[in-house]
Amino acid sequence: MAVSLIFRAFLQAIGQLSDPRFRRVFLLGIALALALLIGFTAAFVWFTDWATPDQLWLPILGEVNWVNDLLSWGAVFLLTFLSVFLMIPVASAITSMFLDEVAHAVEDKHYPHLPRPQSVPFGEALRDTVNFLGVLVGVNLLAILLYLIFAPAAPLIFWGVNGFLLGREYFTMVAIRWVGRVEAKRLRRRHIGTVWLAGALMAVPLSVPLLNLVIPILGAATFTHLYHGLTTPRPETGSQYHRR
């Protein structure tokens with residue numbers, strides 16, 4: 001595993017945080033993630049309110065009319081609790097939709113001698129983002145059970161699971177711009193140890209409030225450096241985007 005390369009890539013990414021293109025993606029990612037979580041919460045509360053009758057007969061208590069409000073408020077608190085775990089996966093997935101902008105900013109500054117790679121079409125980027133979001137949210141919801149069962153090991157589980165997913169997805173999305181989907185997957189498998197470790201190191205700060213919000217941007221920049229450090233793309237590889 002190229003440990004020194006990972007740390008060098010991360011430090012280079014930190015050094016470019018002031019780039020206006022980084023800030024734009026950061027603000028877009030956070031705004032869209034918040035809008036998605038708030039919208040989902042509102043829809044879930046509305047559905048709970050719609051599905052619960054205004055009056056309900058309960059044993060001993062008889063006819064009550066507060067169950068509707070109780071379930072609605074309970075849904076709000078439940079989703080607020082879950083958002084603590086889901087905000088980061090959601091922000092990471094949405095940021096991935098704008099990864100091209102971060103990667104281009106990194107390559108313009110650090111790799112100006114390389115030709116500009118082919119951007120992934122927006123439709124495919126959106127599809128990949130939706131798929132990535134579904135996997136991240138689903139896995140993290142399931143992982144909550146593991147956190148409760150194996151509480152002392154919860155941080156390690158969080159870092160390991162999210163590190164694998166984040167590393168896998170971010171490396172693929174950077175590589176696909178240069179060599180296409182098939183070759184990107186081959187490169188990811190070839191360097192799986194380095195990719196997983198880099199993803200895990202990216203996942204560690206996700207546990208730190210506020211700092212975790214900037215990690216998706218740093219991750220995108222870090223994996224751009226990592227890709228270029230692990231492979232030397234030919235000039236002609238940026239001229240064609242290969243579909244799966």
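Since the model is a prediction, treat every value here as computed from it, not as a measurement.

Each helix and strand in the protein was counted, giving eight helices and two strands. The proportion of buried residues among the 244 residues of the protein is 47%. In the protein, the share of contacts with a sequence separation of at least 24, taken over all contacts with a separation of at least 6, comes to 80%. When the accessible surface of the protein is split by element, carbon and sulfur atoms take 71% of a total near 12,800 Å².

Moving on: the pattern of salt bridges. Two side chains with opposite charge may pair up if their charged atoms get near one another. Counted according to the given criterion, the structure contains eight salt bridges. In this structure, D108 engages R21 in a salt bridge whose closest nitrogen and oxygen atoms are separated by 3.1 Å. One end of the pair, D108, is in helix α4 (residues 99-110); the other, R21, is in helix α2 (residues 20-51), with 87 residues separating them in the sequence. Residue D108 is classed as partly exposed on the basis of its relative accessible area, which comes to 37%. Several salt bridges converge on common partners, so that one network encompasses D19, R21, D108 and R116.

Let us now look at the nonpolar core. Counting 49 residues, the largest nonpolar core has Y170, F171, F223 and Y227 as its most contacted members. Among the secondary structure elements, those contributing two or more residues to this core are α1 (3-14), α2, α4, α5 (122-149), α6 (154-190), α7 (192-203) and α8 (211-230). At 15 residues, the largest contribution of residues to this core is made by α6.

Below, the discussion takes up α4. One full turn of an α-helix is made of 3.6 residues, so residues set three or four places apart face in the same direction. Between its first and last C-alpha, α4 extends 16 Å over 12 residues, near the 16 Å set by a 1.5 Å rise per residue. When α4 is considered as a whole, its buried residues turn out to be L99, D100, V102, A103, H104, A105, V106 and E107.

A few words now on the confidence of the model for the protein. Confidence along the protein averages 77 in pLDDT terms, with 73% of residues attaining 70 or more. For residues 233-244, every residue scores under 50 in pLDDT, and the model assigns this stretch 26 contacts once sequence neighbours within four places are set aside.

Together, L145, L146, L148, I149 and F150 line one region of the surface with nonpolar side chains, adding up to about 530 Å² of accessible area. For L146, the location among the structural elements is in helix α5. Looking at L146, the relative accessible area reads 35%, which means it is partly exposed.

So, on to α5. Helix length check: α5, at 28 residues, gives a terminal C-alpha distance of 40 Å against a target of 40 Å (1.5 Å per residue), a fit within 8%. Within α5, the full set of buried residues consists of E124, A125, D128, T129, F132, L133, L136, V137, N140, A143, I144 and Y147.

Moving on, we come to the environment of R24. Relative to the helices and strands, R24 resides in helix α2. Note on R24: relative accessible area 44%, which makes it partly exposed. For the pair formed by R24 and F98, sequence separation is 74 residues and the distance between their alpha carbons is 9.7 Å.

Tracing the backbone shows N162 in helix α6. For N162, a relative accessible area of 2% translates into the label buried. Setting aside anything within four residues of it in sequence, one finds N162 in contact with L136, N140, Y147, G167 and A203.

Here the focus is the packing of aromatic side chains. Taken as a whole, this structure holds four aromatic pairs when the rule is applied. Considering the side-chain rings of Y147 and F158, the 6.4 Å spacing of their centres and the 50 degrees angle between planes classify their relative orientation as tilted. With Y147 in helix α5 and F158 in helix α6, the pair connects residues that are 11 residues apart, well separated along the chain. Classification of Y147 as buried rests on a relative accessible area of 9%. The exposure class of F158 is buried, given its relative accessible area of 13%.

Definitions and cut-offs
- All residue numbers here refer to positions counted from 1 along the written sequence of the relevant chain.
- Under the rules for a predicted model, residues below a pLDDT of 70 receive no local features and side-chain atom pairs below 80 are neither given nor counted, while totals for whole chains, interfaces and linings still include all residues.
- Each side-chain value is worked out from all heavy atoms of the structure, with water and hydrogens disregarded.
- Under the scheme used here, helices are H or I runs from DSSP no shorter than 4 residues and strands are E runs no shorter than 2 residues, and both carry numbers assigned from the N terminus.
- Any residue under 20% of the maximum accessible area for its type is buried, any over 50% is exposed, and the rest in between are partly exposed; the area is computed with a 1.4 Å probe on protein chains only.
- We call two residues contacting when some pair of their heavy atoms lies within 4.5 Å.
- Only the protein chains shown count as covering a residue, and every accessible area follows the Shrake-Rupley method with a 1.4 Å probe.
- What makes a salt bridge here is a side-chain nitrogen of Lys or Arg within 4 Å of a carboxyl oxygen of Asp or Glu, nothing more.
- We define the nonpolar core as a collection of buried residues of types Ala, Val, Leu, Ile, Met, Phe, Trp, Tyr and Cys that are connected through side-chain atoms lying within 4.5 Å of one another.
- Any helix carries an expected span of 1.5 Å times its number of residues minus one.
- As a per-residue quantity, pLDDT reports the predictor's confidence and falls between 0 and 100.
- By definition, no residue in a patch forms a salt bridge, and every one has over 30% relative accessible area; like charges are joined within 9 Å, nonpolar side chains (Val, Leu, Ile, Met, Phe, Trp, Tyr) within 5 Å.
- We call Phe, Tyr and Trp rings a pair once their centres come within 6.5 Å, taking the six-membered ring for Trp, and we label the pair stacked below 30 degrees between planes, edge-to-face above 60, and tilted otherwise.

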